[in-house]
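# Architecture and fold: a report
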Amino acid sequence: MAEIETASGTIDSAALGRVLIHEHVFLMDTEYTYNYRPDFFEEKTITDAVTRLDELKATGIDTIVDLTVLGLGRHMPTLARTAALTNLNIIVSTGAYTFDAVPSSFQFWGPGLLKDVPEEPMISHFVKDITEGIAGTGVKAGMLKCAIDEPGLTPGVERVMRAIARTNRITGTPITVHTAPLQETGLIVQQVLTEEGVDLEDVVMGHCGDSTDIDYLMKIADGGSILGMDRFGVEFVISMEQRVATIAAMVKRGYADRLTLSHDCCAWSDFFPQVADYSAAMPRHNYLHIHQEVVPALLEAGVSQRDIDKMFVDNPRRYFEGVAKRFAARE
Ligand SMILES: [Zn+2]
């Protein structure tokens, strides 16, 4: 058993239940939202999000991991109020999401920079989010997140990734990485994190589900990482049918204990002018898609209910407990 931090307090890993490993609740460019989306600050944003999260809970999901960090508009007061109104567990994340440069707040501040300090300042931010809580809410982060997309290991991406790795070593917090599987950036992640002493079993390799390349996916899994088959409903990348067939092929090769499922969707976003535009543009990209369409399709493709339960329950629980156990053994 392990203690897991959620937006509503600490829970035991046994209470994780059925988990969606990569979701969001509110996803935005915070500056844009503050200037042009007054609707975000209306009470309706929270009540609508609670309705959606409660609907998800009613389908049998108990926990989501919210991967909204710096660069994706994490707004902890709103998330904390939302979490208090739903029975769904929400694990909150810290870290930074960037495809190239570091967030501008760190541009001139760090080892060897204009404001020269001995230690990477991002680390103390992330550690504080994990040990004291985020933005005065008392909510502690239970997941670390960074990104490496098509541009690969730019200096900014590398700086964030190494800060995430070092925070993992200090706090024993699990890591999710947004990757670009078509560019095989997961292999770069495994190399950099290994250099930093991170156990690759501490890592969920996000967005592996965007790939149909079984050889690549097996390489990532053989390295020890959990695969995030986590963008169900993002149909402009690959179809649900392709995502399902890839999972079935991985299960056939014995990788059912390496796979996790998710949508990477949200309840409110400024990515479209209105929430209704989001649903119109991406009709399958909502919290209910896996329950309504993906699970039946997996069964149809020959994946057993037992293996599907592993992806929802056993794998996330073993992952979180494993990270905690390895950290305790090191201390
Ligand atoms: Zn995401």
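Use the structure listed above.
Below, the structure is looked at part by part. Computed from a prediction, not measured in an experiment: that's the story for all the values here.

Conventions used here
Residues numbered from 1 in each chain as written. Predicted model: local features only at pLDDT ≥ 70, side-chain atom pairs only at ≥ 80, totals over all residues. Heavy atoms only, no water. Donors = N, O, S within 2.8 Å, 3.2 Å for Na, K, Ca; no water. Helix = DSSP H or I, 4+ residues; strand = E, 2+ residues; numbered from the N terminus. Buried < 20%, exposed > 50% of the residue type's maximum accessible area, 1.4 Å probe, protein only. Salt bridge = Lys/Arg side-chain N within 4 Å of Asp/Glu carboxyl O. Core = buried A, V, L, I, M, F, W, Y, C linked by side-chain atoms within 4.5 Å. Contact = heavy atoms within 4.5 Å. Pairing = 2+ DSSP bridges. Right-handed = clockwise from strand over helix to strand, strands pointing away.

## Overview of the coordination of the zinc ion
- Ligation of the zinc ion by protein atoms is provided by His22 (NE2), His24 (NE2) and Asp264 (OD), these donors lying 2.1 to 2.2 Å from the ion.
- Mapped onto the sequence, the donors of the zinc ion take the spacing H-x1-H-x239-D. Of this pair, His22 sits in strand β3 (residues 19–23) while Asp264 is found in the loop between β13 (259–261) and β14 (268–269), placing the two residues 242 residues apart along the sequence.
- His22 gets classed as buried once you look at its relative accessible area, which sits at 1%.
- Judged by relative accessible area, which is 11%, Asp264 ranks as buried.

## Let's talk about the pattern of salt bridges
- Taken as a whole, this structure holds 23 salt bridges when the rule is applied.
- The partner of Arg159 in a salt bridge is Glu120, and the shortest N-O contact between them spans 2.6 Å. Here Arg159 is found in helix α5 (residues 155–171), whereas its partner Glu120 is found in the loop between β8 (115–116) and α4 (121–131), with 39 residues between them in sequence.
- One salt bridge in this structure joins Asp210 and Arg243, with 2.9 Å as the shortest N-O distance. Pair noted here: Asp210 is in the loop between β11 (203–206) and α7 (214–222) and Arg243 is in helix α8 (residues 240–252), with a separation of 33 residues, a long-range link.
- On the basis of relative accessible area, Arg243 is assigned to the buried category, the value being 2%.
- Within this structure, Glu158, Arg162, Arg166, Glu195 and Glu196 form a network of salt bridges that share partners.

## A look at the nonpolar core
- Judged by nonpolar contacts, the single largest core of 88 residues is most densely connected at Val25, Ile64, Ile90, Leu193, Leu227, Ile247 and Leu261.
- Those residues in contact with Leu227 that sit more than four places away from it in its chain are Met205, Cys208, Leu217, Ile220, Ala221, Met250, Arg258, Leu259 and Thr260.

## Focus: unusual backbone geometry
- For His207, which is not glycine, the phi torsion reads 70 degrees and is therefore positive.
- By the element assignment, His207 lies in the loop between β11 and α7.
- Despite not being glycine, Asp264 shows a phi value in the positive range, around 60 degrees.

## What about the pairing of β11?
- Of the two faces of β11, the one holding Val203 and Met205 and the one holding Val204 and Gly206 are both buried throughout.
- Bridging between strand β10 (residues 175–179) and β11 involves four bridges; their strand directions are parallel. Its bridge partner lying in β11, Val177 is registered against Met205.
- Handedness of the crossover joining β10 and β11 through helix α6 (residues 185–195): right-handed.
- Taken together, the two bridges between β11 and strand β12 (residues 226–229) define a ladder with parallel strand orientation. Opposite Met205, over in β12, you have Leu227 as the bridge partner.

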